[in-house]
Amino acid sequence: MALKSGNVAPDETELLELVRTQPAPQHVAVIMDGNGRWATRRGLPRVAGHSEGVKAARTIVRAADALGIRYLTLYAFSSENWSRPSDEVSMLMSLLERSIHRELPELMARNVRLRVIGRAEGVPHEVKRGIDNVMDETAGNTGMTLFMAFNYGGRDELVDACRALARQVQAGELRPDDIDDGRIARALYTGGAPDPDLLIRTSGEMRISNFLLWQIAYTELWVTPVLWPDFGTHDLYRAIVEYQRRERRFGGV
Ligand code: IPE
Ligand code: IPE
Ligand code: MG
């Protein structure tokens, strides 16, 4: 489709039409960054940015589902985020639990399966129980899979995968020479899901921050200066349109 507006930036409807001219990416991953700065710029406490960030996450889940994206992975709390002040950490813990509980009816209505990926250790018991409940409730859903990376570290994930494979070797169930790309991928928290096609990072930081280290080997990266609480459907469509215009070569010519 040709853009009607010439040099003027396309509006949301035009962007959506453009997105729909090509297949949607199968898997989109997002580093939802910039909540703290969003709040600080408004003279608000950082936690106000996190609450606002939940709204943006809800908007993006809806939009991704409507586009037919099969897997959406959202980075909510990293293994390094424990180094933040304890009141911010505990607020983030309870915010996640409350949010997924609140979203359960909509996740069911949309047939979305929620999988929280990351280590359980360190997560407060009641938060863990809430997460497990929503994962169990949505386990049979067959629509989009929503991976919520929570207490997640890409290196932790690789360590855990190595340990799981080593245990299989020790038990005589696996030969070291049978360990290949596919086996490692299946031993990851995202086991069975295709690698992300597109990784979006908000707030302009040009780094990966320990996210999906194995899975993003050939993922297309898209960084925007927009802070996460301001990120909306318009930004998602822009990212996807740019992704669709790229030539993925995977090392070929
Ligand atoms: C992202 O926003 C949310 C989490 C990491 C939990 P930040 O809290 O990192 O916001 P900035 O980067 O400080 O602005
Ligand atoms: C990455 O953001 C983690 C999440 C979005 C959950 P950070 O704000 O923690 O990353 P750094 O510290 O800027 O690398
Ligand atoms: Mg940050």
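Residues numbered from 1 in each chain as written. Chains lettered and ligands numbered in written order. Predicted model: local features only at pLDDT ≥ 70, side-chain atom pairs only at ≥ 80, totals over all residues. Heavy atoms only, no water.

### Observations concerning the packing of aromatic side chains
Okay, step 1: Inspection of the entire model under this criterion finds nine aromatic pairs.
Okay, step 2: Here the aromatic rings of Tyr 71 and Phe 147 are separated by 6.2 Å at their centres, their planes lie at 15°, and the arrangement is stacked. Placement of Tyr 71 in strand 2 (residues 71–78) and of Phe 147 in strand 4 (residues 145–152) is noted, with a sequence separation of 76 residues between them. When sorted by exposure, Tyr 71 lands in the same class as Phe 147, which is buried. (Phe/Tyr/Trp six-rings, centres within 6.5 Å; stacked < 30°, edge-to-face > 60°. Helix = DSSP H or I, 4+ residues; strand = E, 2+ residues; numbered from the N terminus. Buried < 20%, exposed > 50% of the residue type's maximum accessible area, 1.4 Å probe, protein only.)

### Considering the sheet that holds strand 4
Okay, step 1: What the six strands build is an open sheet, ordered 3-4-2-1-5-6; its pairing is parallel. A single partner strand is all that each edge strand has here, and the edge strands are strand 3 (113–117) and strand 6 (220–223). On average, each strand axis in the sheet is inclined to that of its neighbour by 20°, with strand direction left out of account.
Okay, step 2: Judged from the four bridges that link them, strand 5 (residues 198–201) and strand 6 form a sheet pairing that is parallel. Across the sheet, residue Arg 201 finds its bridge partner in strand 6, namely Val 223.
Okay, step 3: Contacts from helix 3 (residues 46–67) reach strand 2 and strand 4 within the one sheet, and its direction differs from that of strand 2 by about 165°. (Pairing = 2+ DSSP bridges. Axes fitted to C-alpha atoms, helices over the stretch in contact; angles between N-to-C directions. Contact = heavy atoms within 4.5 Å.)

### Description of the site of ligand 2
Okay, step 1: Near ligand 2, the surroundings consist of Ile 31, Met 32, Asp 33, Tyr 75, Ala 76, Phe 77, Asn 81, Arg 84, Arg 201, Arg 207 and Ser 209.
Okay, step 2: Between an oxygen atom of ligand 2 and a side-chain N or O atom of Arg 207, the distance comes to 2.8 Å.
Okay, step 3: Protein coverage of the free-state accessible area of ligand 2, which is 390 Å², stands at 79%. (Near = heavy atom within 4 Å. Polar contact = N/O pair within 3.5 Å; in protein donor to acceptor, adjacent residues only side chain to side chain. Areas by Shrake-Rupley, 256 points an atom, 1.4 Å probe, with all protein chains shown as cover.)

### What to know about the nonpolar core
Okay, step 1: Core analysis: the largest hydrophobic core is formed by 47 residues, its most contacted members being Leu 72, Leu 74, Leu 146, Phe 150 and Ile 200.
Okay, step 2: Look past the residues within four positions of Ile 200 in its chain and what remains in contact with it is Val 28, Ala 29, Val 30, Ile 31, Trp 222, Phe 231, Leu 236 and Ala 239. (Core = buried A, V, L, I, M, F, W, Y, C linked by side-chain atoms within 4.5 Å.)

### Quick look at the packing of helix 1 (residues 12–20) against helix 8 (residues 233–245)
Okay, step 1: In the contact formed by helix 1 and helix 8, the axes pass within 9 Å of each other and the chain directions differ by 40°. Both helix 1 and helix 8 take part in a crossing whose hand is left-handed. Residues Glu 12, Leu 15, Leu 16, Leu 18 and Val 19 of helix 1 form the contact with helix 8, whose own contacting residues are Thr 233, His 234, Tyr 237, Arg 238, Ile 240, Val 241, Gln 244 and Arg 245.
Okay, step 2: Of the residues contributing to the contact of helix 1 with helix 8, the split by class is seven nonpolar, three polar and three charged. (Left-handed = near helix turned anticlockwise from the far one by under 90°. Nonpolar A, V, L, I, M, F, W, Y, C, P; charged D, E, K, R; others polar.)

### Topic: the site of ligand 1
Okay, step 1: Taken together, Met 32, Asp 33, Gly 34, Asn 35, Gly 36, Arg 37, Arg 46, His 50, Ala 76, Asn 81, Arg 84 and Leu 92 form the complete shell of residues around ligand 1.
Okay, step 2: Note that an oxygen atom of ligand 1 is positioned 3.1 Å from one of the backbone N or O atoms of Asn 35.
Okay, step 3: Within the contact set of ligand 1, an oxygen atom lies 2.8 Å away from a side-chain nitrogen or oxygen of Arg 46.
Okay, step 4: Here the shell around ligand 1 gets three residues from one element, more than from any other, and that element is helix 2 (residues 35–41).
Okay, step 5: Among the residues making up the shell around ligand 1, the classes are represented as three nonpolar, five polar and four charged.

### Remarks on the environment of Pro 45
Okay, step 1: Its location among the elements puts Pro 45 in the loop between helix 2 and helix 3.
Okay, step 2: Overall, Pro 45 belongs to the exposed group, its relative accessible area being 52%.
Okay, step 3: Separated by 43 residues in the primary sequence, Pro 45 and Glu 88 have C-alpha atoms spaced 9.8 Å apart.

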